[in-house]
Amino acid sequence: MVTAGDFRNGVTFEMDGQVYQIIEFQHVKPGKGAAFVRAKIKNVIQGSVVERTFNPTEKFPTAYIERKEMVYSYNDEGIYYFMDQETFDMIPVGEADLSDNFRFVKENDICRILSYKGKVFGVEPPTFVTLEVVKTDPGFKGNTATNTLKPAVLETGAEIRVPLFINEGDLIRVDTRTCEYMERA
């Protein structure tokens, strides 16, 4: 059990049959009246964010979210399969449970599967991935002085903006959190 007075960033708890995670919290002690906790909480399964106030003595059951690293194997008509590296079990995950930055993941990449009480609700791709540029306009000599970007298609089919000196066939590192070009690999 966790009380509202013990809230910290990242704490997960159950409330009204849903699982929430603390994003921001603030203990408020007004000059007049009782103290309270103002918190911004995120429903980890649905993704919605709500701001709510709590009495510091309110108690909630702690929710334990399991994070397990698995290898992305393949997809078949909107179902993505991940392999447990210890038991070699295949776990299917629906396309709706994948985040937008999953478009940078290729087969055999290690991802973190998020589940609560055995139900998978999210997939975290690796923070940085190395991908090949398969299509982009050619760069021109002398165009490196400015911070100009051009569109490029990566081997996974994702499209991002890269500097002018990047050519087809180059390997680049991409930050999946921001979906941006980092550097040449």
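Thresholds, definitions, all that
- Residues numbered from 1 in each chain as written.
- Predicted model: local features only at pLDDT ≥ 70, side-chain atom pairs only at ≥ 80, totals over all residues.
- Heavy atoms only, no water.
- Helix = DSSP H or I, 4+ residues; strand = E, 2+ residues; numbered from the N terminus.
- Contact = heavy atoms within 4.5 Å.
- Phe/Tyr/Trp six-rings, centres within 6.5 Å; stacked < 30°, edge-to-face > 60°.
- Buried < 20%, exposed > 50% of the residue type's maximum accessible area, 1.4 Å probe, protein only.
- Pairing = 2+ DSSP bridges.
- Axes fitted to C-alpha atoms, helices over the stretch in contact; angles between N-to-C directions.
- pLDDT = per-residue confidence, 0-100.

Undergrad: Please clarify how the environment of A63 should be interpreted in this entry.
TA: Structurally, A63 can be placed in the loop between β6 (59–60) and β7 (66–76). Once the C-alpha coordinates of A63 and Y181 are considered, the two residues, 118 residues apart in sequence, prove to be 36 Å apart. What A63 contacts, discounting residues up to four positions off in sequence, is T12, F13, E14, V19 and Y116.

Undergrad: What is the right way to look at the packing of aromatic side chains in this model?
TA: To describe a pair of aromatic rings, you give the distance between the ring centres and the angle between the ring planes. As enumerated under the stated definition, the model contains 13 aromatic pairs in all. Each ring, one from Y80 and one from F102, has its centre 5.5 Å from the other, and the planes form 85°; the classification is edge-to-face. One end of the pair, Y80, is in strand β8 (residues 79–84); the other, F102, is in the loop between β9 (90–94) and β10 (110–116), with 22 residues separating them in the sequence. Both residues of the pair, Y80 and F102, count as buried. Three or more aromatic residues joined by ring pairs form one cluster here, namely F7, F13, Y20, F54 and F60.

Undergrad: Sorry, what's going on with the sheet that holds β8 here?
TA: Strand pairing in a sheet relies on backbone hydrogen bonds. The paired strands run either parallel or antiparallel. Strand order in the open sheet formed by 5 strands is β9-β8-β7-β10-β11, and the pairing between neighbours is antiparallel. Among the strands making up the open sheet, the edge pair consists of β9 and β11 (119–124). With strand direction ignored, the average angle separating the axes of adjacent strands in the sheet is 45°.

Undergrad: Help me out: how do you make sense of the confidence of the model for the protein chain in this one?
TA: The predicted model of the protein chain has a mean per-residue pLDDT of 86, with 96% of residues at 70 or higher. Taken element by element, the protein chain is modelled with least confidence in β11, mean pLDDT 82, and with most confidence in β6, mean pLDDT 92.

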